[in-house]
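Structure at a glance
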Amino acid sequence: MLRSRTGRYYRFIPCFVKKWLKRTVHQDELNDLLERGRGLEGVEFAQFVLDDLGITVNVKGMEHLEDGKRYIIASNHPLGGLDGLALISLMGKHYDGQIRFLVNDLLMAVKPLGNVFMPVNKFGRQSRSAAALIDEEYRSGKQMLTFPAGLCSRLQPDGTVADLKWQKHLGVRGVADKRDIVPVHVDAQNSR
């Protein structure tokens with residue numbers, strides 16, 4: 001993925017930086033997980049990963065979701081991938097897989113989740129075709145999932161870990177597409 005994002009400049013990245021990135025993102029462990037989950041996609045793959053890692057999810061308030069309504073499910077983002085996988089599993093099961101998740105386009109490299117993810121280019125301009133596809137999905141009957149801060153929670157100056165300011169697209173899309181916004185709070189702790 002680093003090679004595809006840096007193009008011809010990849011060869012100028014020092015080897016020690018490449019090795020550090022590989023260790024930091026746990027590339028070998030992630031590849032092993034992808035291999036063991038081969039053949040699974042979307043909600044099934046998300047649940048497989050949670051089960052494989054021994055992650056349990058306790059949920060409160062699902063009874064407030066009404067059948068037949070279209071929602072934007074907006075969550076804080078304290079854990080990185082795990083909170084996303086939990087939302088995919090939980091909401092995907094509840095809505096028979098009829099969900100789409102707005103994500104950083106880098107995550108499209110996780111092929112088993114490609115049928116759930118809607119890529120957003122965080123480091124450049126969004127193409128017209130990608131923007132049109134997002135608009136189409138918002139008009140559809142699928143439930144839309146998002147992390148409105150756009151990034152994982154960060155260490156704040158006061159020592160707490162919190163989301164960055166949520167982006168305004170949440171309210172704009174909710175009004176424009178006549179969707180109720182369901183705030184989700186993930187109560188979890190991650191390492192610094």
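Preceding this paragraph is the structure being described.
All figures in this text were calculated on a predicted structure; none of them were measured in a lab. (Residues numbered from 1 in each chain as written. Predicted model: local features only at pLDDT ≥ 70, side-chain atom pairs only at ≥ 80, totals over all residues. Heavy atoms only, no water.)

**Things to note about the environment of Leu-90**
We apply this condition: Counting from the N terminus, the helices are the DSSP runs of H or I reaching at least four residues and the strands are the DSSP runs of E reaching at least two. Throughout, exposure labels follow a simple rule: accessible area from a 1.4 Å probe, protein chains only, divided by the maximum for the residue type, with under 20% read as buried, over 50% as exposed, and the rest as partly exposed. In what follows, residue pairs with any heavy atoms lying within 4.5 Å of each other are defined as contacts.
Examined against the element boundaries, Leu-90 turns out to sit in helix α5 (residues 81–94). Leu-90 gets classed as partly exposed once you look at its relative accessible area, which sits at 24%. Along the primary structure Leu-90 and Phe-117 are separated by 27 residues, whereas in three dimensions their C-alpha atoms are 15 Å apart. Those residues in contact with Leu-90, other than ones at most four positions away along the chain, are Val-59 and Met-62.

**Thoughts on a nonpolar patch on the surface**
The criterion, for reference: The patch calculation keeps residues exceeding 30% relative accessible area without a salt bridge and links them within 9 Å when they carry like charges or within 5 Å when they are nonpolar (Val, Leu, Ile, Met, Phe, Trp, Tyr). Using the Shrake-Rupley algorithm and a 1.4 Å probe, accessible areas are obtained, with residue cover drawn only from the displayed protein chains. Note on definitions: salt bridges are taken to be side-chain nitrogens of Lys or Arg within 4 Å of carboxyl oxygens of Asp or Glu.
Among the surface-exposed residues, Leu-53, Ile-55, Val-57 and Val-59 lie close enough to one another that they form a single nonpolar patch of about 290 Å² accessible area. With respect to the helices and strands, Val-57 occurs in the loop between α4 (42–52) and β1 (71–75). For Val-57, a relative accessible area of 41% corresponds to the partly exposed category.

**Details of the side chain of Ser-75**
Worth spelling out the cut-off: Any pair of nitrogen or oxygen atoms within 3.5 Å is treated as a polar contact; in protein, a donor-acceptor pairing is required on top of that, and neighbouring residues in sequence qualify only through side-chain atoms on both sides.
Tracing the sequence through the fold places Ser-75 in strand β1. A polar contact is formed between the side chain of Ser-75 and the side chain of Asn-76, at a distance of 3.5 Å. In this view, Ser-75 contacts Leu-87, Thr-146, Phe-147, Pro-148, Asp-163, Trp-166, Val-184 and Val-186; residues no more than four positions away in its chain are not counted.

**Digging into helix α6 (residues 128–139)**
Definition in use: A helix's residues, less one, multiplied by 1.5 Å, set its expected span. Working definition: the arc comes from the directions between the helix axis and the C-beta atoms, pointing outward to the latter.
Over its 12 residues, α6 extends 17 Å from the first C-alpha to the last, a length consistent with the 16 Å expected when each residue adds 1.5 Å. Buried within α6 are the following residues: Ala-130, Ile-134, Glu-137 and Tyr-138. Buried residues of α6, seen end-on, are gathered within an arc of 100° and therefore sit on one face of the element. With respect to the buried face of α6, the exposed residues turned more than 90 degrees away are Arg-128, Ser-129 and Arg-139. Where the residues of α6 are buried, they touch β1, β2 (99–104), β3 (117–120), β4 (143–146) and α7 (169–176).

**Examining the sheet that holds β3**
Note the following rule: Only strands that DSSP links by at least two bridges are regarded as paired with each other. Axis geometry follows a simple rule: fit a line to the C-alpha atoms, using only the stretch in contact for helices, then measure angles between N-to-C directions, giving values from 0 to 180 degrees.
Within the open sheet, the five strands sit side by side as β3-β2-β4-β1-β7. Their pairing is parallel. Sheet topology places β3 and β7 (180–184) at the edges, where each strand pairs with a single neighbour. With strand direction ignored, the average angle separating the axes of adjacent strands in the sheet is 25°. As paired strands, β1 and β7 are joined by five bridges and run parallel to one another. Residue pairing for β7: Ala-74 is matched across the bridge by Pro-183. Across the sheet, α5 is in contact with β1, β2, β3, β4 and β7; its angle to β2 comes to roughly 165°.

**Section: the packing of α4 against α5**
Selection criterion: In this scheme, roughly parallel covers angles under 35 degrees and roughly antiparallel covers those over 145, while 65 to 115 is roughly perpendicular and the rest are oblique. For a crossing to be left-handed, the near helix must be turned anticlockwise from the far one by less than a right angle; the clockwise case is right-handed. Following the grouping adopted for this structure description, the nonpolar residues are Ala, Val, Leu, Ile, Met, Phe, Trp, Tyr, Cys and Pro, the charged ones are Asp, Glu, Lys and Arg, and the polar ones are all others, Gly among them.
Packing of α4 against α5 leaves a shortest axis separation of 8 Å and a crossing angle of 130°. Accordingly, the angle class assigned to the pair α4 and α5 is oblique. For the pair α4 and α5, the crossing hand works out as left-handed. Only Leu-82, Leu-85, Ala-86, Ile-88, Ser-89, Gly-92 and Lys-93 of α5 make contact with α4, whose side of the interface consists of Gly-42, Val-43, Ala-46, Gln-47, Val-49 and Leu-50. Of the residues assigned to the contact of α4 with α5, the class counts are eight nonpolar, four polar and one charged.

**Considering the pattern of salt bridges**
One pass over the structure, following the stated rule, counts nine salt bridges. Of the charged contacts, one joins Asp-32 and Arg-36 as a salt bridge, the two residues approaching to 3.0 Å between their closest N and O atoms. With Asp-32 and Arg-36 both in helix α3 (residues 27–36) and four residues apart, the pair spans about one turn of that helix. Looking at Asp-32, the relative accessible area reads 39%, which means it is partly exposed. One connected set of salt bridges, linked through shared partners, spans Asp-32, Arg-36 and Asp-52.

None of this, on its own, says anything about what the molecule does.
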